[in-house]
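One-letter residues, chain by chain:
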Amino acid sequence: MVDLLGLCAGLGTFAVCFGIGWWFLSYSLYQHLDEKDHKVQGLWSLVFALSCNLLILVLFEILGVMDRRIRLVDWYITVWGMLLLLLCVLPFYHIYRILCSTGTLRPLHAAGGAALVWGAYMYCFWRMGNSLPGVPAPDEGIFRMKQAISRVGVLGTWMIAVLSGYAAVSLPYSYLSLFVRPVEAFEVTAMEDQLRQANDMCEEKRKRILLAQQEVERMGPGTSSSGLLGSMVKGVMSWGGNHPKTPRDTIRALEVEVESLESLCRTLNIELMELRNERARALESRTLWGHIKNMSGYAMSVYCVYKMYTCLKCLIWGEDLVSDPVGSLLSFALARVSHGSIVLNVQQLSQYLTLLFIAAISGMSLRGFLRSLRKIFSRVRGGGTATNLVLLLTEVTGFYAISSLLLIRKNVPLKYRHDMDAALGGDLDFQFFHRWFNGLFLASALVAMLVFYSQYQAHLNDPLLPTHMSPQSGYMKRSGSR
């Protein structure tokens, strides 16, 4: 008889995760972007739901939710669906959207071009497995689950290790009051004044361009640049050595200046946001919540050093599957507080706490990655292309989920691993993924420490924004003032 209750639980949790993914994209990333695509949003929500379902199935295995046969089918559908999206649907659609955005290809031609590029991508992806460590030899053929999982796992573990190493350093750095720069209100006001000046100058240039275009239309082709437009040319470009010889040269010169001013406005806007965030962080550090975050920062710093030590020890002497920092700390706390009166299965409880801790670290590292990715797109593209950003985020999330499952598997008891291993392709070198993670995590954490230390030293030696002026010397004079 079919387990209707377990089937409803599986479908219900998947639907809830899909809805959470849709809501997250609508009210988080899409809230700051102009371009929105519901098809892309649906792909992201589907990958997010499948990623959550992988972790939920681990919980179902431990709690015994759902009939075993239905759970095994759910494992296969989730893993195969994730691989289909990561290796086929998302790369093809991403390439298709990029080709369509050029505006020179018809949709049918763009689809054909995307198919060719996707075929080349898949060939390179499969050939890359010969050079990647941890990928088994294709003795049973290349079209096997373990071949795809191992390639995705190696690349995804690289992402997790780099992001986790960065988060293990950046999170304490952002929490500790020691690294908070005291930003005063006049510095924010000065930057706002500079941004207003740049916007006013940009608007003034646009008005001059409009007047010049109207003058060109009024004069008609072949008319000399004497009169009002000639006076405008001399007035506008009098500071340069090369004067424009025609009205159209004047318009082109003004357009170049507008582009430069728009780029300056974008840069000033980003710097103003950073300055406001630093100001809010400085004010928060003086509150009770700020003191709590400061204490948490010291605790996370201790964990970061401990994690780097354990990674180095595992690389030198091998993986230690027995010791667990969460279990050791919990045992110590219970012994000190209860004086031996509380008896708990510490190993089993620490197992779930470790899983929660891994999920928290993964979520915070991914959040830091998203913030950095949005900042990069804002600097390079002036607001970013929402479709490409979300598609890239979707692919990274899928790789992240598969690799997280491979790493979390170590914390799952042996009797619950059978269905998981069967869905992942059977016998894989799971210990390799932990060695790969430890090495990359250590390297990423060390590089992040050097970067943040150099950034902190730069802030000590130079102001955050050198254009700020002290209140005694006054604000920068408005260049466009009359």
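Note that the coordinates shown come from a computational prediction; the quantities given were computed from them, not determined experimentally.

1. Description of the overall build of the chain
Item 1. Each helix and strand counted, the chain has 14 helices and 0 strands in total.
Item 2. Seen in sequence order, the chain has helices and strands lined up from the N terminus as α-α-α-α-α-α-α-α-α-α-α-α-α-α.
Item 3. Among the 482 residues that make up the chain, the fraction classed as buried is 41%.
Item 4. Put simply, 76% of the contacts in the chain that link residues at least 6 apart link residues at least 24 apart.
Item 5. For the chain, the exposed surface amounts to about 27,100 Å²; the carbon and sulfur share of it is 64%.

2. Structural notes on the pattern of salt bridges
Item 1. Enumeration according to the criterion identifies 12 salt bridges in this entry.
Item 2. With a shortest N-O distance of 2.9 Å, R68 and D419 are connected by a salt bridge. Taken together, the residues R68 in helix α3 (residues 68-101) and D419 in helix α13 (residues 418-423) connect sequence positions 351 residues apart.
Item 3. In this structure R68 comes out as partly exposed when scored by relative accessible area, which is 43%.

3. As for the environment of L424
Item 1. Among the structural elements, L424 can be located in the loop between α13 and α14 (430-461).
Item 2. We classify L424 as buried; its relative accessible area is 0%.
Item 3. Between the C-alpha atoms of L424 and A148, which are 276 residues apart in sequence, the distance is 9.3 Å.

4. Considering the packing of aromatic side chains
Item 1. Within the structure shown, the criterion is met by 12 aromatic pairs.
Item 2. Between W44 and F48, the ring centres sit 5.5 Å apart and the planes meet at 35°, which makes this aromatic pair tilted. Taken together, the positions of W44 and F48, both in helix α2 (residues 38-63) and 4 residues apart, correspond to about one turn of that helix.
Item 3. Through a chain of ring-to-ring contacts, three or more aromatic side chains come together here, namely Y166, Y173, F179 and F452.
Item 4. Stacked on the ring of Y173, the Lys or Arg R281 has its end atom at 6.0 Å from the ring centre.
Item 5. K307 extends its terminal NZ or CZ atom over the ring of F441, reaching a point 5.9 Å from the ring centre.

Calculation criteria
- Residues numbered from 1 in each chain as written.
- Predicted model: local features only at pLDDT ≥ 70, side-chain atom pairs only at ≥ 80, totals over all residues.
- Heavy atoms only, no water.
- Helix = DSSP H or I, 4+ residues; strand = E, 2+ residues; numbered from the N terminus.
- Buried < 20%, exposed > 50% of the residue type's maximum accessible area, 1.4 Å probe, protein only.
- Contact = heavy atoms within 4.5 Å.
- Areas by Shrake-Rupley, 256 points an atom, 1.4 Å probe, with all protein chains shown as cover.
- Salt bridge = Lys/Arg side-chain N within 4 Å of Asp/Glu carboxyl O.
- Phe/Tyr/Trp six-rings, centres within 6.5 Å; stacked < 30°, edge-to-face > 60°.
- Lys NZ or Arg CZ within 6 Å of the ring centre and 35° of its normal.

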